[in-house]
Amino acid sequence: MQPNQLADFGSFLAGARFQTYLDNCQNDRKLALTTYTWNSKLAAELARILGHVEVVLRHAMDLQLRSWNADQPRVAGQTDLNDARKRDGGNSEEWLKHPAPLLFKLVNTRTRTGKILSTYDGALRRAIDGSNERDPAHPRHATYVTHDDIIAHTTFGFWLHLLPNPKHRHAPLSSLSQQERSKELAARRLWSEALCKAFPGKTNAYVVQYYVQRAHALRNRIAHHEPLLHTDRKSYFRTSTRLLHGINPAVGSWVGSTAQVVQILNKRPRQKP
């Protein structure tokens, strides 16, 4: 981008957003603009890495939950979301659609009024919309939505809440609300019976939750195009690769070896002395 083009581009940034860069560059407008474009390159590279993290994380946890849920005893006549929709819980690999009672507590949220918000219903709607919105020439345009499609349309944050919460690690369970206590106990049991197998390289559930939480936080920051100037970028990057190593060392090493984060960080624009 030529200097005059760079200056024109700066006029299209919101004042409050651009002020962050001006403050960081001692009001040097040209340096602030080059730093803005550098931040964009860094965000794009981190987003690429986090894409790998999310896909691998989802797959690893889904595999274990399929197996675990299929092994659970059936609970005939259990109510799913309301009295008009009943099914048998357990004995199904489609754990999001037919969660066993323990998992049901974690994949659905009960509001204060008692209404249950279904993660499955939300992901299903997004999967159907995605199928219908594909180009008509796409081989899977408007095709039947599968379990894999639905899993792909869950949010990153959803997976975070399937893990035990570090906030409750040392807190007496009696200090938690009934709903918090129920979910924490369910998450701990789910970890010991199923999800620990998704992370053979990491035995501590709270460390895994911390890694996932940081990856999720960074992803959200990048998705909202927030500056990364005051973020510990190297630490977030290391956390993401450590999470992948916990799932599979070869995958973690591959992602780490292809990443350009350190190279981009070393090219951050600086003021001339």
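Before reading on, note that the structure itself is shown above.
Here's what I pulled together on the structure shown here. Because the structure is a prediction, the values reported are computed rather than measured.

The next thing to look at is the overall build of the protein. Counting secondary structure elements, the protein contains 12 helices and four strands. Burial status across the protein gives 42% buried among its 273 residues. For the protein, contacts bridging at least 24 residues in sequence account for 62% of all contacts bridging at least 6. Carbon together with sulfur atoms contributes 52% to the accessible area of the protein, which is approximately 15,000 Å² in total.

Here the focus is the packing of helix α10 (residues 233-247) against helix α11 (residues 249-258). The N-to-C vectors of α10 and α11 enclose an angle of 150°; their axes lie 5 Å apart at closest approach. The angle between α10 and α11 places the two elements in the roughly antiparallel class. For the pair α10 and α11, contact is made by Phe 237, Thr 241, Leu 244, His 245 and Ile 247 and by Pro 249, Val 251, Gly 252, Ser 253, Val 255 and Gly 256, respectively. Partitioned by chemical class, the residues of the contact of α10 with α11 number six nonpolar, five polar and no charged.

Enumeration according to the criterion identifies seven salt bridges in this entry. Between Glu 54 and Arg 58 there is a salt bridge, and its shortest N-O distance comes to 3.7 Å. Placement of both Glu 54 and Arg 58 in helix α3 (residues 29-70) is noted, with a separation of four residues, approximately one turn of the helix. Take Arg 58: its relative accessible area is 14%, and that puts it in the buried class. Taking the shortest distance from any N to any O, the salt bridge between Arg 219 and Glu 54 comes out at 3.0 Å. Here Glu 54 lies in helix α3 and Arg 219 lies in helix α9 (residues 205-223), a separation of 165 residues in the sequence.

It is the contact of α3 with α10, at a shortest axis distance of 10 Å, that shows an interaxial angle of 20°. Between α3 and α10, the angle falls in the class roughly parallel. Taken as a pair, α3 and α10 cross one another with a handedness that is left-handed. Two secondary-structure elements touch here, α3 through Trp 38, Leu 42, Leu 46, Ile 49, Leu 50, His 52, Val 53, Val 56, Leu 57 and Ala 60 and α10 through Arg 233, Phe 237, Ser 240, Leu 243, Leu 244 and Ile 247. The residue makeup of the contact of α3 with α10, split by class, is 13 nonpolar, two polar and one charged.

Residue position: Glu 45 is located in helix α3. Accessibility expressed as a relative area gives 10% for Glu 45, which makes it buried. Side-chain polar atoms of Glu 45 contact the backbone nitrogen of Gln 260, separated by 2.8 Å.

Looking now at the packing of aromatic side chains. In the structure shown here, the tally under the stated rule is six aromatic pairs. Ring geometry for Tyr 21 and Tyr 36: centres 5.1 Å apart, planes at 70°, overall edge-to-face. Taken together, the residues Tyr 21 in helix α2 (residues 15-24) and Tyr 36 in helix α3 connect sequence positions 15 residues apart. In this pair, the class of Tyr 21 matches that of Tyr 36, namely buried. Residues Trp 95 and Phe 158 carry aromatic rings whose centres are separated by 6.3 Å and whose planes lie at 10° to one another, so their mutual orientation is stacked.

Calculation notes
- For every chain, the first residue of the written sequence is number 1, and numbering continues from 1 along that sequence.
- The model is predicted, so local features are restricted to residues of pLDDT at least 70 and side-chain atom pairs to those at 80 or more, both for listing and for counting; the totals for chains, interfaces and linings are taken over all residues.
- For the side-chain quantities, the full set of heavy atoms in the structure was used; hydrogens and water were omitted.
- Each helix is a run of DSSP H or I of at least 4 residues and each strand a run of E of at least 2, with the numbering of both proceeding from the N terminus.
- Exposure classes here rest on a 1.4 Å probe applied to the protein chains alone. A residue is buried below 20% of its type maximum, exposed above 50%, and partly exposed in between.
- Contacts between residues were defined by any pair of non-hydrogen atoms, one from each residue, lying within 4.5 Å.
- The Shrake-Rupley method, run with a 1.4 Å probe, gives the accessible areas here. Residue values count only the displayed protein chains as cover.
- Here an axis means a line fitted to C-alpha atoms, over the contact stretch when the element is a helix, while the angle between two N-to-C directions is reported on a 0 to 180 degree scale.
- Working definition: roughly parallel below 35 degrees, roughly antiparallel above 145 degrees, roughly perpendicular at 65 to 115 degrees, and oblique for all remaining angles.
- Throughout, the ten residues Ala, Val, Leu, Ile, Met, Phe, Trp, Tyr, Cys and Pro are labelled nonpolar, Asp, Glu, Lys and Arg are labelled charged, and all others, Gly among them, are labelled polar.
- The term salt bridge refers to a side-chain nitrogen of Lys or Arg lying within 4 Å of a carboxyl oxygen of Asp or Glu.
- In this scheme, a crossing is called left-handed if the near helix is turned counterclockwise away from the far one by less than a right angle; it is called right-handed if the turn is clockwise.
- Definition of a polar contact: a pair of N or O atoms within 3.5 Å, with one able to donate and the other able to accept a hydrogen when the atoms are protein atoms, and with sequence-neighbouring residues admitted only if both atoms are side-chain atoms.
- To pair, rings of Phe, Tyr and Trp, with the six-membered ring standing in for Trp, must have centres within 6.5 Å; the planes then decide the type, stacked if under 30 degrees apart, edge-to-face if over 60, and tilted in the middle.

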